[in-house]
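# Results of the structural survey
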Amino acid sequence: MLLAIEQGNTNTLFAIHDGADWVAQWRVATETRRTADEYAAWLYQLMQMHDLDLKQIDDCIISSVVPQSLFNLRKLAQRYFNKTPYVVGDNAVLNLDIRIDKPREAGADRLVNAIGGYITYGGPLLIIDSGTATTFDVVAADGGYEGGAIAPGINLSLQALHAAAAKLPRVAIEKPARKIGKDTVSAMQSGIFWGYVGLIEYLIAAIEAEYGQKMSVIATGGVASLFEGATEKIDHFDHDLTLRGLLEIYKRTLSHS
């Protein structure tokens, strides 16, 4: 029984794999002050609801882009599962050719996505991960990680607009039927939503032109579903891409040991 932890800046995903399937998944807000004991108490209650127990967990793999939280996630595995966890960027084996100037700067989430995308779709790929940031990552035909682009996430952009402009309210992100808003709220929703669609479509075209070939475009991440039906430039929406990548890294690490 494997516990996979994928920690982003906004949310942290905990998922249980029983050797055949993902049997449970839970999300919690990322909080750097949350202790290993707090994680364990929260996880224990949720596992009980699925007739699972902490004692059933045999191993743990972690991908985190929040260094301040990693200590407590490691402690969770060590204290409650009696395991040293495999951590992407540390002791986990990726078997991934990282073709950027400073490979150690590549975010764990982007590398996990590259592996998950390649084993599912082959290459070349452009993977768009929509979360706190929106990342665009290029995976070569042979599976190598080629780099990409990072933009502010759609929620972050909306928060910045509200925070910086005194008269602009906090609004929910929705797909407006009209591009021309008839009031402040609909105008903001149009600018944020359709502006983001424009950003996505432009970067897809620009990256493909610079790379010199057509790529399969895969969207994943917490808010990717917002754009389903809004653009024809995305070939697949895959909400389990990161988990698939983590499971593959776990298998590679075990086979390497």
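Criteria and cut-off values
Residues numbered from 1 in each chain as written. Predicted model: local features only at pLDDT ≥ 70, side-chain atom pairs only at ≥ 80, totals over all residues. Heavy atoms only, no water. Helix = DSSP H or I, 4+ residues; strand = E, 2+ residues; numbered from the N terminus. Phe/Tyr/Trp six-rings, centres within 6.5 Å; stacked < 30°, edge-to-face > 60°. Buried < 20%, exposed > 50% of the residue type's maximum accessible area, 1.4 Å probe, protein only. Lys NZ or Arg CZ within 6 Å of the ring centre and 35° of its normal. Pairing = 2+ DSSP bridges.

This brings us to the environment of Ile204. Position of Ile204 relative to the elements: it lies in helix 5 (residues 184–211). Sequence separation between Ile204 and Ala29 is 175 residues; the distance between their C-alpha atoms is 30 Å.

A few words on the packing of aromatic side chains. Tallying each qualifying case throughout the model produces 6 aromatic pairs. The interplanar angle of 85° and the centroid separation of 4.9 Å between the aromatic rings of Phe193 and Trp194 together place this pair among those described as edge-to-face. The pair Phe193 / Trp194 is uniform in exposure class, with both members buried. An aromatic cluster is built from Phe193, Trp194, Tyr196 and Phe227, whose rings are joined through pairwise contacts. Positioned above the aromatic ring of Trp194 is the side chain of Lys179, whose terminal nitrogen or guanidinium carbon lies 4.2 Å from the ring centre.

Taken together, the 5 strands give an open sheet; going across it, the order is 8-7-6-9-10, and neighbouring strands pair in mixed fashion. Each edge of the sheet is formed by a strand with only one pairing partner; in this case those strands are strand 8 (145–152) and strand 10 (236–237). As defined by bridge partners, strand 7 (residues 133–139) adjoins strand 8 across 7 bridges and the pair is classed as antiparallel. Considered in strand 8, the bridge of Val138 is made with Gly147.

This brings us to unusual backbone geometry. For the peptide bond that leads from Gly123 to Pro124, omega is 5°, which places it in the cis range. Along the chain, Pro124 turns up in the loop between helix 3 (108–121) and strand 6 (125–130). Of note in the backbone geometry, Asp51 takes a positive phi value of approximately 55° without being a glycine. Mapped onto the elements, Asp51 comes out in the loop between helix 1 (36–49) and strand 4 (59–64). A relative accessible area of 71% places Asp51 in the exposed class. The phi angle at Asn82 is positive, at roughly 55°, despite the residue not being glycine.

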